Amino acid sequence: MNIIMSVFNFFIDAGPTVMLPVIITIIGLIFGLKITRAFKSGLTLAIGFAGIKLILDFMTTNVGPAAKAMVERTGVKLDALDVGWGSIAAVTWASPIIAVLIFAILIVNIVLLILKKTQTLDVDIWNYHHMAIVGVMVYFVTKNVFLGVGASVVMAVITFKMSDWSQPLVEDFFGIPGVSLPTVSALSSLVIAWPLNWLLDKIPFFRKSKFTIKDAQKYLGFFGDSMIMGLVIGLVIGFLAGYDIKAVLQLGVSMSAVLVLIPKMTALFMEGLMPISDAAQKWSQEKFKGRRLFIGLDAAVVVGNPDVITTALIIIPLTIAMALVLPGNRVLPFADLAVVPFRVAMVVALTRGNLLKNIVIGLVVTASLLWCGTATSPILTAIAKQVGIDLGSSSMLISSFAATSMIQSYLVFLAFSYQPLIGIPILLIVFAAAWYYFDKVKHINKETEEPVTE
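Residues numbered from 1 in each chain as written. Predicted model: local features only at pLDDT ≥ 70, side-chain atom pairs only at ≥ 80, totals over all residues. Heavy atoms only, no water.

The name given to the protein chain in an unreviewed UniProt entry is PTS galactitol transporter subunit IIC, with Candidatus Enterococcus myersii as the source organism. In its Subcellular location (unreviewed entry) section, UniProt records this for the protein chain: "Cell membrane". (UniProt positions renumbered as here; feature names shortened; annotations may be inferred.)

What follows is the structure in C-alpha cells.
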C-alpha cells in the first residue's frame, strides 16, 4: 500500500502535465489503442494543457495587478484576498485525510459506472481537489472524518451526474463528442444558470434576443474582431487601474494575445482527444452493447472558445466593480480573475452564446462566488495555517473563486457542517428531484438501447 501511495503521490506532486499523459495512455490502452498512439494522444493533451496554463498564468500576471490597482484606487477595504485556485489546491493536498478522500471519489466513479448510474469516466484526477476540499473543510469544522468523507462522496455523485446532464452542451455547442466536463469550477455555475436561464426565457426582451459575440463582431466591424476586442478591454482595464500610457498599451496587447493564443492551444486538446474519444465509443459499443461512455476531462478544453473568452473579459472588470459595491462582500478579486473563463464556459454553452444572458447570468454567478467566498474565508484561512501554508505576516484572510466559494461546493459544505441532521436530508431530496427531472423527464443522456441526447 505504501508503494502504491508513493507512486500516486509522485504523479499528484508532478501535476497535470505529467499525470495527464500517463492517465490518457492507460485509458487509451484499455480502449484498444496501440501504446504509441495512446501515448502520443496523452502527450498532445498535456502539451495543450501546458500551453493553456502558460497563457492563463500570463493572463493572471497581467490582469491581476491591474485589477488590484483598480480596487486600491477606490479606497474600499476588502480583507479576504483571492489567492487563486492553485493555493487552495495546495491546501487541499496537504490535508491529513486527502488520500482517503481521493480514493473515495475514485471508487464512487467506478461504482456508479458499474451500476450504470453515470456515463462519465473521470480521468481528470488532478481536479479531484475541487471535490476533496469540501470534505477537508467539513472535517475541519466538525472534526468528524465520516462527515468529511461523506461530503466529498456527495460532491462526487453530484459532479458526475451534472457532467452527464451537461454533456450535450459540450458536444453540441463546443463540438467535442464523447467528452464530459466533471470540473466543479465549471459545472457549479450551472446550479445557478439552469434555473436563471429558464427565468430569463420568460422575459420577452431576453427570450427574443439573439445577440451573440458574432453579432457584436458584425456590428462593431473592425472592433468586433476577437483580437481587437481583447486589445480594447485590456486598454480599458489599464486606464481604470491608473496605469501610465506605456503600461496601458502593454496590458492591451497582452489581453489581445490571450484571445489569439488560447484557441490555438485548445486545438491541441482536440487533436489529442479524438483518437481516445473514437476508441472509447467503439469500445463501449462492443462491451456495453450501445452504452455511451464519456471521457471526463478538464474544462480547459473549452475555455478557448471565443464566446467564452470574450464573455469572461467583459465579466472581469464587472466582477471588480461588483466587489466594491456588493453588500456583505469582503473578497478582493485578484489571482482567480484569470479563471473567470472556467466559471462562464458552461453558461455560454447553455445560452447558445446569447451575450445578454451570458452577462446577466455571469454576474449572478460572480455575486455567489463573492458571497460564498466571504462566508468561508475564515475557515479556509485557518486550514491553510494549520497545514503549514505560509501566509506571510499579513492579517488578511484568504479566499478564492474555487473551494467552497462555488455554489455547489458551498451548499454541500453547509449541509454537512451545520445541522447535518437537517441539512443533509434536504440536500439529498433536492438532488434526487433534479436527478428525476433530468433522467426521467428530460431524458438527458438516459441510457437506452439507442442513446438519447438532448
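Structure shown, so let's carry the discussion forward.
Draft legend 1. A look at the sheet that holds strand E2 (residues 120-122). Pairing in this open sheet of three strands is parallel, and the strands run E2-E4-E3 from one edge to the other. The strands lining the two open edges of the sheet, one partner per strand, are E2 and strand E3 (179-180). With two bridges connecting them, E3 and strand E4 (residues 294-296) associate as parallel partners. Bridged to Val 179 within E4 is Ile 295. (Pairing = 2+ DSSP bridges. Helix = DSSP H or I, 4+ residues; strand = E, 2+ residues; numbered from the N terminus.)

Draft legend 2. Summary view of the packing of aromatic side chains. The full count for this structure, using the stated rule, is eight aromatic pairs. Note on Trp 165 and Phe 438: the rings are 4.5 Å apart at their centroids and 20° apart in plane angle, and the pair reads as stacked. Residue Trp 165 is found in helix H7 (residues 145-172), and its partner Phe 438 is found in helix H18 (residues 420-441); the two are separated by 273 residues along the sequence. Relative accessible area serves as the criterion here: at 9%, Phe 438 is assigned to the buried category. (Phe/Tyr/Trp six-rings, centres within 6.5 Å; stacked < 30°, edge-to-face > 60°. Buried < 20%, exposed > 50% of the residue type's maximum accessible area, 1.4 Å probe, protein only.)

Draft legend 3. Empty space enclosed by the protein, seen in detail. Here the structure, examined in full by the defined rule, presents three cavities of 30 Å³ or more. Approximately 50 Å³ is the volume attributed to the second largest cavity. As for the second largest cavity, its lining consists of Ile 315, Thr 319, Val 340, Arg 343, Val 344, Gly 362, Val 365, Thr 366, Leu 369 and Phe 401. Of all the elements in the fold, those that place two or more residues in the lining of the second largest cavity are helix H14 (306-325), helix H15 (340-350) and helix H16 (355-386). Here the lining of the second largest cavity gets four residues from one element, more than from any other, and that element is H16. Of the residues in the lining of the second largest cavity, the class split is six nonpolar, three polar and one charged. (1 Å grid on protein atoms, 1.4 Å probe; cavity = no way out; pocket = protein on both sides within 12 Å on 5 of 7 lines; lining within 4 Å. Points joined across faces, edges and corners; volume = space filled by probe spheres on them. Nonpolar A, V, L, I, M, F, W, Y, C, P; charged D, E, K, R; others polar.)

Draft legend 4. Focus on the sheet that holds strand E1 (residues 80-82). One open sheet holds the three strands; their spatial order is E5-E1-E6, and the pairing between them is parallel. Strand pairing shows two members of the sheet lacking a second neighbour, strand E5 (331-332) and strand E6 (397-399), which therefore form its edges. Most of the contacts of H16 go to E6, to which it runs at about 120°, and overall it touches E1, E5 and E6. (Contact = heavy atoms within 4.5 Å. Axes fitted to C-alpha atoms, helices over the stretch in contact; angles between N-to-C directions.)

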